[in-house]
Amino acid sequence: MDVQETTAACRDAFAELASPACIHDPYPFMRWLREHDPVHRAASGLFLLSRHADIYWALKATGDAFRGPTPGELARYFPRAATSLSLKLMASTVAMKDPPTHTRLRRLISPDFTMRQVDNLRPSIARIVAERLDGIAPALERGDAVDLHREFALALPMLAFAELFGLPQDDMFGLAAGIGTIVEGLGPHASDPQLAAADAASAKVQAYFGDLIQRKRTDPRHDIVSMLVGAHDDDVDTLSDEELISMLWGMLLGGFATTAATIDHAVLAMLAYPEQRHWVQEDAKGVKAFVEEVLRRDSPVLFSVTPRIAQRDIELGGVVIPKNADVRVLIAASNRDPDAFADPDRFDPARFYGTNPGMSTDGKIMLTFGHGIHFCPGAQLARMQLAESLPQIQARFPTLTLAEQPTREPSAFLRTFRALPVRLHAQRGT
C-alpha cells in the first residue's frame, strides 16, 4: 500500500503487513492504520487493534473481556488444528489458557523464572558473549565482513537456552534450526505446505523434549527443565509431561528468534545513532535505558499470533467488536503511538532512564513483552542478554559499521533478519 495515496480503507491489514513494502518498513502503514482504522476488521473476520490505549486495555482485560479459545472452538478458529501438531501444541501453551488453568500453570512455572534464577545465568551469558566476540574478532581485524546475525545474534540465545535448559550446545543448535519454519507455519496466512513443514519441525522438538524430560527425571541437574520436572513433586498440582513439553516448545519459539532480532536491532541502533552509544558505556541504568528504547522502538513481534476471543460485544473507537470475535493486537504500532510516547520515531533512551523495566519516565508501559496475565515470562532473560552484549560489543569494536544493508526475513509478523553484515571502519593511518 502506498501510504501517500491511501484514502479510506484497507481491506486486510494482515495481508498488507506481508507486502514487500511493509517487510522493508512497516511503520508508515502502521501509523496510517492507527490514525485511520485503529479497530480494523480484516477480510478474514479477525480484528486488529493498533492504538496503545486500546491494546493496553485489551491485554490487561484478558481473562475478563477476552479469553482464549476453548477446545471445542479450536476447529473454528484453527480449522487445521485437528491434523496439525504445531497448532495443537500452540493451543496447549500457557499463552492460550485462561484462569483457572492459566493460574495453575503460571503458578507452577513462576518460581523457576524469578529474577534470581535468571540472574544466576548472568556469568554464563557474559562468558558466552565474550567467547562469541572472540570468535569473530580475527575476521573483523583482518578487514573482513562478518554476518553478525548468524555469528552472534542467533548464536547467543541458542547458547543461553542451552544453559537454561541444561542441553548440549550441539543439541540446541539442532533444535533451533527448525524454529523459523515453525513460526512461519503458525502465521495467519500460512499455506498448507508451510504448516506441514512446521509440523515436521515441531515433531522433532516434541520428541527431543520428551526424551529430555525422562533424562532429567532420572538424572536431575541445576537447570530449569530439571526444576520443572522435579521441583513440584510435593505439590498436588504438578505439571504433566504433555503440559511441560508444550511449555518448553512455547519457550523455545517465544524467546529465540525474538531475542536474536532484538540484538540485531540494538546493534543497528548503535550504528545509526553513534551519539547515543554513551548509554552502553555508562552504568547499569544507562545500559538498561538503551535496551528498553530498542525494545520499544523496534519490537521483534509486530502483532499477536494467539487469538483473544471477545467475551461480549465490545465498543472501541466507535467500532463494535462482536462477541466471540477473534481479536489480535498490533504491538509494534502501540509502541510508536504518539499518545503514549512523545516523538515516537525518535531513538531516545532518556525516556527510560531510572525507571522500572518497561515503564517510561512519563509512566507509559512499553508493550513488547505484553501485559497482564500473559506477560512474557522470558522478558528478564531477553533483557539480560542484551545488557550483557551491548557494552562488550561497544568496548571490543568501537568502530563497527555496516558492510552492506541487512537482509530481513519475509515475515508478516516477526521483524527478524537473514543477515547483518558488519566490518570495522578503516582508521586513518592503518
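Reference entry: report on the structure contained in this document. (Residues numbered from 1 in each chain as written. Predicted model: local features only at pLDDT ≥ 70, side-chain atom pairs only at ≥ 80, totals over all residues. Heavy atoms only, no water.)

Here we take up the pattern of salt bridges. A complete count under the given rule lists 23 salt bridges for this structure. Note that Glu-163 and Arg-127 form a salt bridge whose closest N and O atoms lie 3.0 Å from each other. One end of the pair, Glu-163, is in helix α11 (residues 155-165); the other, Arg-127, is in helix α9 (residues 122-141), and 36 residues separate them in sequence. Ionic contacts of the salt-bridge type, sharing partners, join the residues Arg-31, Arg-297, Asp-298, Arg-336 and Asp-345 into one network. (Salt bridge = Lys/Arg side-chain N within 4 Å of Asp/Glu carboxyl O. Helix = DSSP H or I, 4+ residues; strand = E, 2+ residues; numbered from the N terminus.)

Along the chain, Ile-182 falls in helix α13 (residues 179-185). Expressed as a C-alpha distance, the spacing of Ile-182 and Leu-195, which sit 13 residues apart in the sequence, is 7.6 Å. Excluding residues within four positions of it along the chain, Ile-182 makes contact with Ser-86, Ala-198, Ala-201, Ser-202, Val-205, Trp-249 and Leu-253. (Contact = heavy atoms within 4.5 Å.)

As paired strands, strand β4 (residues 146-147) and strand β12 (residues 421-424) are joined by 2 bridges and run antiparallel to one another. Bridge assignment links Asp-147 to a residue of β12, and that residue is Pro-421. Sheet topology places strand β9 (residues 400-402) next to β12; 3 bridges connect them, and they run antiparallel. From the neighbouring strand, Thr-401 faces β12, where its bridge partner is Arg-423. (Pairing = 2+ DSSP bridges.)

So, on to the sheet that holds β4. Across the sheet, which stays open at both edges, the 3 strands sit in the order β4-β12-β9 with antiparallel pairing between neighbours. The open sheet has two free edges, formed respectively by β4 and β9, since each of these has just one partner strand. The sheet strands contacting helix α17 (residues 257-272) are β9 and β12, and the helix crosses β9 at an angle near 100°. (Axes fitted to C-alpha atoms, helices over the stretch in contact; angles between N-to-C directions.)

Okay, empty space enclosed by the protein next. Going through the model one piece at a time under the given rule, you end up with 2 cavities of 30 Å³ or more. Approximately 50 Å³ is the volume attributed to the second largest cavity. In terms of lining residues, the second largest cavity is bounded by Leu-17, Cys-22, Ile-23, Leu-302, Arg-408, Glu-409, Ser-411, Leu-414, Arg-415 and Thr-416. The residue makeup of the lining of the second largest cavity, split by class, is 5 nonpolar, 2 polar and 3 charged. (1 Å grid on protein atoms, 1.4 Å probe; cavity = no way out; pocket = protein on both sides within 12 Å on 5 of 7 lines; lining within 4 Å. Points joined across faces, edges and corners; volume = space filled by probe spheres on them. Nonpolar A, V, L, I, M, F, W, Y, C, P; charged D, E, K, R; others polar.)

A few words on the packing of aromatic side chains. Summed over all chains, the structure comprises 11 aromatic pairs. Centroid distance Phe-29 to Trp-32: 6.2 Å. Interplanar angle 15°. Geometry classified as stacked. With Phe-29 and Trp-32 both in helix α3 (residues 27-36), this residue pair falls 3 residues apart, about one helical turn. Centre to centre, the rings of Phe-303 and Phe-413 are 5.7 Å apart; their planes meet at 50°, and the pair counts as tilted. Here Phe-303 is found in the loop between α18 (284-297) and β5 (308-310), whereas its partner Phe-413 is found in the loop between β10 (407-408) and β11 (417-419), with 110 residues between them in sequence. (Phe/Tyr/Trp six-rings, centres within 6.5 Å; stacked < 30°, edge-to-face > 60°.)

On to the sheet that holds strand β8 (residues 326-329). Spatially, 5 strands are ordered β1-β2-β8-β5-β3 in an open sheet, and the strand pairing comes out mixed. In this open sheet, the two strands that pair with only one neighbour each are β1 (39-41) and β3 (66-67). Judged from the 2 bridges that link them, β3 and β5 form a sheet pairing that is antiparallel. Looking across to β5, one finds that Arg-67 is bridged to Ile-309.

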